[in-house]
Protein chains: 2
Amino acid sequence: MSSNADTVPVFHTVSELRSWRSDQRKQGKTVGLVPTMGALHNGHLTLVSAAQQSCDTTVVSIFVNPAQFAPHEDLDQYPRTLPQDIQKIAETQANCVVFAPLVSEMYPNGITTDRSKQKGTFVEVLGLSEMLEGGSRPHFFRGVATVVSKLFHIVMPEMAFFGQKDVQQCCVIKNLVADLLFPIKLNIVPTVRDPVDGLALSSRNVYLTEEQRAKAPALYRGLCAAQKLYSQGITGREELIGAVAAEAAQENLDIEYICLSSPDTLEELDSVPSSGAILSSAWRMGKTRLIDNVLIGFEF
Amino acid sequence: MSSNADTVPVFHTVSELRSWRSDQRKQGKTVGLVPTMGALHNGHLTLVSAAQQSCDTTVVSIFVNPAQFAPHEDLDQYPRTLPQDIQKIAETQANCVVFAPLVSEMYPNGITTDRSKQKGTFVEVLGLSEMLEGGSRPHFFRGVATVVSKLFHIVMPEMAFFGQKDVQQCCVIKNLVADLLFPIKLNIVPTVRDPVDGLALSSRNVYLTEEQRAKAPALYRGLCAAQKLYSQGITGREELIGAVAAEAAQENLDIEYICLSSPDTLEELDSVPSSGAILSSAWRMGKTRLIDNVLIGFEF
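Now for a quick tour of the structure. These figures come from a predicted structure and were not determined experimentally.

1. Considering the overall build of chain A
Consideration 1: When its secondary structure is counted, chain A shows ten helices and eleven strands.
Consideration 2: What you see for chain A is a C-alpha radius of gyration of 19 Å, in line with the 19 Å of a compact globule of 300 residues.
Consideration 3: Referenced to the eigenvectors of the C-alpha coordinate spread, the extents of chain A come out at roughly 55 × 40 × 40 Å.
Consideration 4: Taken over 300 residues, chain A has a buried fraction of 58%.
Consideration 5: A fraction of 70% describes how many contacts in chain A between residues 6 or more apart in sequence connect residues 24 or more apart.
Consideration 6: Just so you have it, chain A exposes about 12,700 Å², and 50% of that area is on carbon and sulfur atoms.
Consideration 7: Of the charged side chains in chain A, 26 are positive and 33 negative; the average position of the first set lies 5 Å away from that of the second.

Next up, the structure:
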């Protein structure tokens, strides 16, 4: 264990974390888990704050998980800012510890981003992992479900906190927990946005040029326009997706998909049923790929 | 919960088992898990006895897991003998409870044996699940790894006990526990055999006709002959496998495979290295498929 000036304990090994966890259990303390890949922003800190409200102590895990990157993706370039992350957590004054393991702790037998060569144990949520983000990132949700399962086994939290920004991840984890009977309560926290223009906070926003950053909020304007249409009684797929596409077109955004999906199965919908829908999109700005979503007619 | 005359508590739901487990934790009791598909014989009872020696209390799970059967296999015919199983556990006088869940408890969203139609969360140990038993039963180890993960999450045992008879299963579970960082110690217990002719005990032995039963021990005689050769300094694949094949041929057994494999990777070996090898076989007697193995030059 190492500790910084602001006394947030930082654990780097599974055995250190387990020993700490065992003490917490003996003291009857409940533990929340906020899994992150670091490069923390206010979105993450909102998750920490939500955990703080429900649990005695919170584990913030910081681990850039190789298994959820493809060979051509930004694993090496992904921002790694551990000292600043620890500082930000310290400033929340929450009762936190940081778990920042090496890759060798999480993948004792190693891990390659080449999915065809991966060996060892993997967890997969069939039926939810192939569409939307899974379309262009077929490795992604297997990597997420696997690393989250490992974190659950290490931390054994009573509750775990995920951001709605990664809405498909929320659906996948919800099914993971239910199907594998993890004794863990999930808490899905609304997306945190730029207070001025509404762009969803993302660690990848740092990749954007000034010009790209100025255009990016058009997508969220489109999602809000679709929400407004729904509030006026319009439920059709074409109208709602069209509203997003129209705003995106104004800034000439390079759209990968705009989908209206079932919150349970992620299957595409022709219209919003009484159980609600997810309206989500992915788009590219130069080499950067961004995602966003709104919930239509339901809440998690 | 139901309870029989001999006072072995029997739980049928996840929530009942969890509530009991929570009490055990409060009392500071360690819990062992013996996962079974029922139709208990002395092999299973030896696992119970091993658990009893290491843990304060033992959960014997009895669940015929649909996900590890293929559509053409014996899921419907697999022997289900819960009252007799409970009676046998009671007679061990061990400090046990039985967990006998319905399929709907273990697979809340249902389960089909048609692998191509399976939805939901599955756990797979890549690289160990495709050979040996995985060759003719490609669905098998995904089903095993998935149900064992669920049982681990429900029971949260300190230790789990598996029989060496299902040796590839032991290798798969060993990797599952290591890779997914389950906080569980594995204990692999030597195969229990008929005291007269050495046939490995198996729930499927009840399918054998008298004539088949008389011929079946030839395979184990072959495995012993190979072990004897190894003790005489012979390490070559052809000689060791040949010794098994020769005994099997005497009884005209319908051999599916005889393999000399690495205990770590299950890859086929040309000879037994210093780290040892597994010599294993599967064969058919009418509609019944049997397996057996010996360890050469190592112990689990």
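Moving on from the model shown.
2. Overview of the sheet that holds strand β9 (residues 254–261) of chain B
Residue and element names in this part refer to chain B.
Consideration 1: Taken together, the three strands give an open sheet; going across it, the order is β9-β10-β11, and neighbouring strands pair in antiparallel fashion. This sheet does not close on itself; its edge strands, each paired only once, are β9 and β11 (288–296). The sheet shows a mean angle of 10° between the axes of neighbouring strands, taken without regard to direction.
Consideration 2: Relative to β11, helix α9 (residues 218–231) is tilted by about 15°, and along the sheet it contacts β9, β10 (277–285) and β11.
Consideration 3: Sheet strands touched by helix α10 (residues 237–250): β9 and β10. Its angle to β9, the strand with the most contacts, is close to 155°.

3. Focus: the interface of chain A and chain B
Consideration 1: If you look at the interface, chain A gives 31 residues, while chain B gives 31 residues.
Consideration 2: Summed over both sides, the interface between chain A and chain B buries roughly 2,600 Å², with carbon and sulfur atoms accounting for 59% of that surface.
Consideration 3: Of all residues in chain A, Thr121(A), Leu126(A) and Leu181(A) give up the largest surface area on contact with chain B, accounting jointly for 26% of the area buried on that side.
Consideration 4: Here chain A and chain B share zero salt bridges between them.

4. Brief notes about the sheet that holds strand β9 (residues 254–261) of chain A
All names here are of chain A.
Consideration 1: If you trace the three strands from one edge of the open sheet to the other, you get β9-β10-β11, paired in antiparallel fashion. Only two strands of the sheet have a single neighbouring strand rather than two, namely β9 and β11 (288–296). Shown here is a sheet whose adjacent strand axes are inclined to one another by a mean of 10°, direction ignored.
Consideration 2: Looking at chain direction, strand β10 (residues 277–285) and β11 are connected through nine bridges and run antiparallel. Bridged to arginine 284 within β11 is arginine 289.
Consideration 3: The sheet contacts of helix α9 (residues 218–231) involve β9, β10 and β11, and relative to β11 the element is tilted by about 15°.

5. Observations concerning the environment of Leu208(A)
Consideration 1: Tracing the backbone through its elements, the reader meets Leu208(A) in the loop between β8 (185–189) and α8 (210–215).
Consideration 2: Accessibility expressed as a relative area gives 11% for Leu208(A), which makes it buried.

6. Structural notes on the packing of α9(B) against α10(B)
Residue and element names in this part refer to chain B.
Consideration 1: Axis separation between α9 and α10 bottoms out at 7 Å; the angle between their running directions is 150°. Judged on the interaxial angle alone, α10 and α9 are roughly antiparallel. As for how α9 packs across α10, the hand of that crossing is right-handed. Facing Ala218, Leu219, Arg221, Gly222, Leu223, Ala225, Ala226, Leu229 and Tyr230 of α9, the residues of α10 in contact are Glu239, Leu240, Ala243, Val244, Glu247 and Ala248.
Consideration 2: Along the lines of polarity and charge, the residues of the contact of α9 with α10 split into eleven nonpolar, one polar and three charged.

7. Examining the side chain of Lys150(A)
Consideration 1: Relative to the helices and strands, Lys150(A) is located in helix α6 (residues 140–155).
Consideration 2: For the buried Lys150(A), no salt bridge is present, and the opposite-charge side chain at shortest range is Asp179(B), 5.8 Å distant.
Consideration 3: Those residues within four positions of Lys150(A) in sequence are excluded, and the remaining contacts are Met106(A), Tyr107(A), Asp179(B), Leu180(B) and Leu181(B).

8. Brief notes about the packing of aromatic side chains
Consideration 1: Within this structure, the stated rule accounts for twelve aromatic pairs over all chains.
Consideration 2: Seen from their ring centres, Phe11(B) and Trp20(B) are 6.1 Å apart, and the 45° between their planes marks the pair as tilted. Taken individually, Phe11(B) and Trp20(B) each receive the classification buried, so the pair is uniform in this respect.
Consideration 3: Centroid distance Phe152(B) to Phe182(B): 5.1 Å. Interplanar angle 75°. Geometry classified as edge-to-face. Within this pair, whereas Phe152(B) is found in helix α6 (residues 140–155), its partner Phe182(B) is found in the loop between α7 (167–179) and β8 (185–189), the two being separated by 30 residues in sequence. Grouping residues by exposure puts Phe152(B) and Phe182(B) together as buried.
Consideration 4: Between Arg142(A) and the ring centre of Phe122(A), over which it is positioned, the NZ or CZ distance is 4.6 Å.

9. Some details on helix α1 (residues 14–26) of chain A
Residue and element names in this part refer to chain A.
Consideration 1: Between its first and last C-alpha atoms α1 spans 18 Å; for 13 residues at 1.5 Å apiece the expected length is 18 Å, and the two agree.
Consideration 2: Inspection of α1 places Val14, Leu17, Trp20, Arg21 and Gln24 among the buried residues, and these make up the whole buried set. When α1 is viewed along its axis, its buried side chains cluster within an angular range of 130° and face the same direction. α1 presents Ser15 and Lys26 as exposed residues on the side facing more than 90 degrees away from its buried surface.
Consideration 3: Just downstream of α1 lies glycine 28, where phi reads positive at about 70°.

10. Concerning the environment of Glu210(B)
Residues and elements named next belong to chain B.
Consideration 1: By the element assignment, glutamate 210 lies in helix α8 (residues 210–215).
Consideration 2: Residue classification places glutamate 210 among the exposed positions, given a relative accessible area of 75%.
Consideration 3: Sequence-wise, glutamate 210 and glutamine 77 are 133 residues apart; in three dimensions their C-alpha atoms are separated by 19 Å.

11. Here's the deal with the nonpolar core
Consideration 1: One finds Val59(A), Phe99(A), Phe152(A), Val59(B), Phe99(B), Phe152(B) and Leu176(B) to be the most contacted residues of the largest nonpolar core, which totals 100 residues.
Consideration 2: Sequence-distant contacts of Phe152(B), defined by excluding residues within four places in its chain, comprise Leu33(B), Pro157(B), Ala160(B), Phe162(B), Val177(B), Phe182(B) and Ile184(B).

12. Overview of the packing of α6(A) against helix α7 (residues 167–179) of chain A
A pair of packed helices is captured by two measures, namely the crossing angle of their axes and the spacing between those axes.
Residues and elements named next belong to chain A.
Consideration 1: Contact geometry for α6 and α7: axes closest at 10 Å, N-to-C directions at 50°. What the angle tells us is that α6 and α7 run oblique. Judged by the sense of rotation from one axis to the other, the crossing of α6 with α7 is right-handed. Residue-level contacts link Phe141, Val144, Ala145, Val148, Ser149 and Phe152 of α6 to Gln168, Gln169, Val172, Ile173, Leu176 and Val177 of α7.
Consideration 2: For the contact of α6 with α7, the per-class residue count stands at nine nonpolar, three polar and no charged.

About the cut-offs
Residues numbered from 1 in each chain as written. Chains lettered and ligands numbered in written order. Predicted model: local features only at pLDDT ≥ 70, side-chain atom pairs only at ≥ 80, totals over all residues. Heavy atoms only, no water. Helix = DSSP H or I, 4+ residues; strand = E, 2+ residues; numbered from the N terminus. Rg over C-alpha atoms; globule rule 2.2 N^0.38 Å. Buried < 20%, exposed > 50% of the residue type's maximum accessible area, 1.4 Å probe, protein only. Contact = heavy atoms within 4.5 Å. Areas by Shrake-Rupley, 256 points an atom, 1.4 Å probe, with all protein chains shown as cover. Lys, Arg positive; Asp, Glu negative; His and termini not counted. Charge placed at Lys NZ, Arg CZ, Asp CG, Glu CD. Pairing = 2+ DSSP bridges. Axes fitted to C-alpha atoms, helices over the stretch in contact; angles between N-to-C directions. Buried area = accessible area lost by both parts, 1.4 Å probe. Salt bridge = Lys/Arg side-chain N within 4 Å of Asp/Glu carboxyl O. Parallel < 35°, antiparallel > 145°, perpendicular 65-115°, else oblique. Left-handed = near helix turned anticlockwise from the far one by under 90°. Nonpolar A, V, L, I, M, F, W, Y, C, P; charged D, E, K, R; others polar. Phe/Tyr/Trp six-rings, centres within 6.5 Å; stacked < 30°, edge-to-face > 60°. Lys NZ or Arg CZ within 6 Å of the ring centre and 35° of its normal. Expected span 1.5 Å × (residues − 1). Arc of directions from axis to C-beta. Core = buried A, V, L, I, M, F, W, Y, C linked by side-chain atoms within 4.5 Å.

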